[in-house]
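So you can see what is in the structure, the chains are spelled out below.
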Amino acid sequence: MFPLVASMNQTRLVGMLRAVVLAAFILGLSIVAPVVYGQAARKEALVKINLVWLKVSVVVPQELVATKEYSIPVTVRITEVEGGLKVFYLKGIRILLDNSLLEYVPDTPVLLKIGEAQTLEVKITPRFFAQQMAPGDVKDSNMRIDISYYSEVIKDGQLQVDSGYYSVFASIPVRVVAPRTYVYVQPSLTEVYEPYLVIFSVSLWVEGEGFIENARVEVSGVPVQCYLLTTGRVNAGEAKTVSTLANITGLGPFAKTRYNAEVKVTAVTPWGYVYTYSYPVTIEVRPLRKAQISAPALAVADAPTPVSITLTPPQEGGESITVAAYWNRQLVYSGVFSPTIYVALPEGEGELTVRVESSKYTPAMASAKIKTISAKPRVSAWVTGSTLQFQAAPLYPGSTIEVKVVDSAGNVVASSVYPADALPRRITEVEGATTVEVSGSHPLNLGPGAYTVVVTYNSKAGSATAPPVSYQAAPAGPAGLGQLLVQPLLLAAIIAIPAVAAVIILLRRRRT
């Protein structure tokens, strides 16, 4: 048992020794290789400047992404002086990357003492290390770091003064990455009327990676209220919309009939790459027109309500105009322009808005408050000579007027139906409300006898029947026979007169 335990202990000891040796080996490698903190590499150098030995260390990111800012700490310590050190000032740091040069100067020079370390941190931005790179570009570069100094050293009783730049690290490899930042732009132009406005809107969104610092939208060539708009920072996946407008109505006499405008959009990435978009546009400004309407304050519901429209300027020859009417924002009428339109409105109170659109002028709108009430249909009839006259109100769309003629035996001898929409109209009042009345006539071509004429008005609001009208058709009597005898006598007289005149003329010639 004891030899087995001893063997196990030896095995453990050997394993521990191997682990120690491996750790020491790794530690040795880490001492030889530069110390890396994440994606940053630590560099150290021992340099001699004017009899002064300096130990300089720096931590540099191995990869620079063009959406971030980085701080590069530079630590300087005097390790030895070959003589008597009077002063040694660290005046600044200079960093060179490709063609980009950055100099950092502290507020006051930093005084270095033997054995004491001082650190200067230099901030580098994407505009420094990623100049002239397009989105998605990757480049490998080398960074050079110089220090600016001033020193005074006494050796052999003599003062030695020195100042300038010293290149401590001549070539530190770094990779610069520009993210795939893509900017999309969609402009739009909208014209609205009453008042007449021309609205410019620009929607901008970013896709891919990173962000843009700002986007500028400039509108030129047209008198907008604000010609320069900005978005501020927009991250990938975000969208922003900016807008401005030109108030043509407000400009009054300053407004022109045509503008050659341009919308220019520029978006800037953190490293200075600029997206530029330009959108020229020609804006035809229509002349302004005003509309006024005249409508009754009280009207009959569901029946045509007369609405008069006055345009300033009036309609011109060849101008096409359409009219739309809205009752509480609901479309109730549309058609070709007429000085008077007839609009059927539902029962209640509301606002009637009329919109007039033209091929030459700006659209114009006018409104009026109207109250509508229900009214029962009515009809009247009478006879003039051998013609029946009738009137019906209110006019309801789709209604009809039926005329029936009944003889003394109760038989219907004639019947006709008239569409009310096709009959002549005139404006009237029913129960104090303004509405439309129709009228018509019906010929009574009947044989001798007594008749009763019945007129009925059928509408969606109900039916109404006029009081029956009596009509007596007279038979042909003696008076009529006398007329038949007189007509041939008149004809004979007409023929005889020329003959008698001819005989008289002939007798006169013979006498002479």
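Residues numbered from 1 in each chain as written. Predicted model: local features only at pLDDT ≥ 70, side-chain atom pairs only at ≥ 80, totals over all residues. Heavy atoms only, no water.

Asks: Which parts of the structure should I look at to understand the confidence of the model for the protein?
Replies: As a note on interpretation, predicted positions should not be read in detail where pLDDT is low. Summarising the model, the protein shows a mean pLDDT of 87, and 85% of its residues fall at 70 or more. In the model of the protein, strand E1 (residues 36-37) stands out as the element of lowest mean pLDDT, 34, in contrast to strand E15 (residues 214-220), which has the highest, 98. Note that pLDDT drops below 50 for residues 1-38; the model gives that stretch seven contacts with residues more than four away or on any other chain. Counting interchain partners and residues more than four positions distant, the pLDDT-below-50 stretch residues 479-487 has zero contacts. (pLDDT = per-residue confidence, 0-100. Helix = DSSP H or I, 4+ residues; strand = E, 2+ residues; numbered from the N terminus. Contact = heavy atoms within 4.5 Å.)

Asks: Hey, could you run me through the pattern of salt bridges in this one?
Replies: Close approach of charged atoms allows side chains of opposite charge to pair. Within this structure, the stated rule accounts for 17 salt bridges. For Arg144, the salt bridge goes to Asp146, with nearest N and O atoms at 3.0 Å. Arg355 is the salt-bridge partner of Glu357, the closest N and O atoms lying 2.8 Å from each other. Under the relative-accessibility criterion, Arg355 is labelled partly exposed at 21%. Taken together, the salt bridges that share partners define one network made up of Arg42, Glu44 and Lys55. (Salt bridge = Lys/Arg side-chain N within 4 Å of Asp/Glu carboxyl O. Buried < 20%, exposed > 50% of the residue type's maximum accessible area, 1.4 Å probe, protein only.)

Asks: Looking at this model, I keep getting lost on the packing of aromatic side chains. Mind explaining?
Replies: For any two aromatic rings, the description comes down to two numbers: the centre-to-centre distance and the angle of the planes. Taken as a whole, this structure holds six aromatic pairs when the rule is applied. Between Phe390 and Tyr418, the ring centres sit 5.6 Å apart and the planes meet at 45 degrees, which makes this aromatic pair tilted. Pair noted here: Phe390 is in strand E30 (residues 387-393) and Tyr418 is in strand E32 (residues 412-419), with a separation of 28 residues, a long-range link. A relative accessible area of 1% means that Phe390 is categorised as buried. (Phe/Tyr/Trp six-rings, centres within 6.5 Å; stacked < 30°, edge-to-face > 60°.)

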